[in-house]
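Structural overview
Here is how the chains run, residue by residue.
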Amino acid sequence: MSFSLKKTVSVVVSFVMVIASVLFFDITVFAEDDTEEPEYALDSVLVLMDHEHSAIGTKYENMNYFQSDLIESVRDVMYLPDDCEDLSLFNVEEFQQVVEVKLKEPSVENVDRLIAELSQYEGVESVDKNYIYKIEVPEINENPVDNTIAVTLPSSRLSFARVPMNADYYVQPEMTTICAIHAWQITTGLHSILVGVADTGIYFDHPDLAGKGGTGLDKNFTTESTDNDLDGHGTHVAGIIAATANQTTGFSGVAPGVKLVNLKVATHVEGKPAFNAHCESAWFYNAVQYASQKNIRIINASISIDAPSLAQRKYIKNYKGLIVASAGNGGQNTCYYPAKLDYDNIISVAASTSDDYLSEFSNYHKKYVDLYAPGVRIKSSVPYFADTSGYKSLDGTSMSAAFVSGAVALLWSTKYSSSAAEVKKLLLDNVDKVDRMSGKVSTGGRLNVFKPIMAGYGWIQGDVDMDGKLTAADARYVQRWASRLEAFTDFQFAIGDMNLDLDLTAEDARTILRKAANLENTGDISI
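All values derive from a computational prediction rather than experimental measurement.

1. Re the overall build of the protein chain
When helices and strands are counted, the protein chain shows 14 helices and 17 strands. Across the 527 residues that make up the protein chain, the buried fraction comes to 55%. Of the roughly 22,400 Å² of accessible surface on the protein chain, a fraction of 50% belongs to carbon and sulfur atoms.

Quick look at the structure:
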């Protein structure tokens, strides 16, 4: 009798667990098997309040709401300010406040005790450890295969007035790969588009970054005494995003026209070489709060942590801009946080080689990683202590994320009134598909900067007379340009270059004619 009862109970429990797994799939899907708990700070915990206890103007640091002999201080790291003129980048409808509570005596035992105590308070949804994000790059092979490709522009044919002509531009094959040159014929980015670099800081005294700051919004969220870059990682990322164009030295960023905001959230790990840093969760979430408040639409987050807690994920939903996050350098079929968050405000990026293969160090996942971008042997600006030349080649999904952040900045410059979700969709719907990437990233493709800008305007590649359709007239225009019978503008070049090889030829004209006649699979045709 007792056996039957136990069996019945077991069946019922199993059924309930199956139903629960379905109902709460969005929560449980992030859990990792056999995952060691990430490193966390011993001097603080993070409290996630429910929506009802997160009203505009609520500041728990000004209240005696949390009381314990373990508490030293309380600080709001995410809140809805009552003195903010524009709350458009806050997810006000679902906002949940985050409070950092500092301990008088840091220890593992006191962290556990305080979590248990604070969990009993009304309005507290969860209490979380202050986990540590990591910033690091893979070790580079000291004798790598040289994949530096000289970018040859047909300068005798084109003026290329809008191509940044930095001294080292011609060894930036990544800009050709992602079609940045074509995009630059339309925009190099608006000064009003702000990209927050949540990293180790930015060395704005570097020549490539001159004039990229100056917003008055730079902020240090760490315990270091300076907002300057004492590691090198943040400066390298910043250069990829928006290094100044038309310099006599150095490189151009993807979006040289936009402004950068230094959101210093990470500090160099003492005793380690450059490009090794860590970031407390509280620092990063405080930076997200600040970006919301200061209308910083894009946050580049080349940071990673393997922390599956519910609270860690929900913090990010407070922000209505876009967070471009690196998938991580574990070389595994997974993705680290915050890139793993399947939210409208997250773009997750893997790293590829110069010939569109997934890099050996890059994480990947067919659901959680959105696209890939160049991330091998990427040369960019660094502080002079990291390299006396002021430049260094690095590998990593950090670099890949920076390319995508620059692309988002260009796209938002042309679709200024669009929402984060709309910009993200345009970007991901217009990647360059690569068959071998199918099943590796959700889009199956690599970043293309030009295509989403074209799609956003509703323009058609090849429609050089801009009448909204491909016709034989478009093909004749391109044929005349290819034969040097008629002058054309750089913008017309970008629209007419069908195979995106940086030249206009008779084959481009034939491609337009085939598409106009729906004869894409036919052979050579006459114009």
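2. Thoughts on unusual backbone geometry
Of note, the amide linkage connecting Tyr337 to Pro338 takes the cis form, showing an omega dihedral of 5°. Looking at where Pro338 falls in the secondary structure, it is placed in the loop between β11 (322-326) and β12 (346-352). Even without a glycine there, the phi angle at Asn295 is positive, about 60°. Counting through the fold element by element, Asn295 comes out in the loop between α7 (281-293) and β10 (298-301).

3. With respect to the packing of aromatic side chains
Evaluation of the coordinates by the stated rule reveals 16 aromatic pairs. Ring centres 6.0 Å apart and planes at 65° place the aromatic pair Phe90 and Phe95 in the edge-to-face group. Residue class for Phe90 comes out buried when judged on its relative accessible area of 2%. Judged by its relative accessible area of 0%, Phe95 is buried. Among the aromatic residues, those joined into a cluster by ring pairs are Tyr60, Tyr65, Phe66 and Tyr121. For the cation-ring pair, Lys440 lies above Tyr364, with the distance from its terminal atom to the ring centre recorded as 4.5 Å.

4. Remarks on the side chain of Ser352
Tracing the sequence through the fold places Ser352 in strand β12. When residues no more than four places from it in sequence are discounted, the contact partners of Ser352 are Tyr357, Leu358, Ser359, Tyr372, Ala373, Pro374, Gly375, Val376, Ser400 and Arg446.

5. Re the sheet that holds strand β9 (residues 276-280)
If you trace the six strands from one edge of the open sheet to the other, you get β2-β3-β1-β4-β9-β8, paired in antiparallel fashion. At either end of the open sheet lies a strand with only one pairing partner, and these are β2 (71-78) and β8 (267-268). Sheet topology note: the β8/β9 ladder contains two bridges and is antiparallel. Paired with His268 across the two strands is Ala277, which belongs to β9.

6. A look at the environment of Glu136
Along the chain, Glu136 falls in strand β4 (residues 124-136). Measuring from C-alpha to C-alpha, the distance between Glu136 and His233 comes to 8.0 Å, with 97 residues separating the pair along the chain. In contact with Glu136, not counting residues within four places along its chain, are Phe275, Asn276, Asn329 and Ser398.

7. Observations concerning the confidence of the model for the protein chain
Mean pLDDT for the protein chain: 85, with 84% of residues reaching 70 or above. Low pLDDT (under 50) marks residues 1-34, which in the prediction has 17 contacts with non-local residues, meaning those over four places away or in another chain. Contacts from residues 521-527, a stretch scored under 50 in pLDDT, to residues over four places away or in other chains number 14 contacts.

8. Re helix α12 (residues 472-482)
Inspection of α12 places Asp474, Ala475, Val478, Trp481 and Ala482 among the buried residues, and these make up the whole buried set. Seen end-on, α12 carries its buried residues on one side only, within an arc spanning 125°. Residue Arg484 follows α12 closely and has a positive phi angle near 60°.

So, how was this worked out
Residues numbered from 1 in each chain as written. Predicted model: local features only at pLDDT ≥ 70, side-chain atom pairs only at ≥ 80, totals over all residues. Heavy atoms only, no water. Helix = DSSP H or I, 4+ residues; strand = E, 2+ residues; numbered from the N terminus. Buried < 20%, exposed > 50% of the residue type's maximum accessible area, 1.4 Å probe, protein only. Areas by Shrake-Rupley, 256 points an atom, 1.4 Å probe, with all protein chains shown as cover. Phe/Tyr/Trp six-rings, centres within 6.5 Å; stacked < 30°, edge-to-face > 60°. Lys NZ or Arg CZ within 6 Å of the ring centre and 35° of its normal. Contact = heavy atoms within 4.5 Å. Pairing = 2+ DSSP bridges. pLDDT = per-residue confidence, 0-100. Arc of directions from axis to C-beta.

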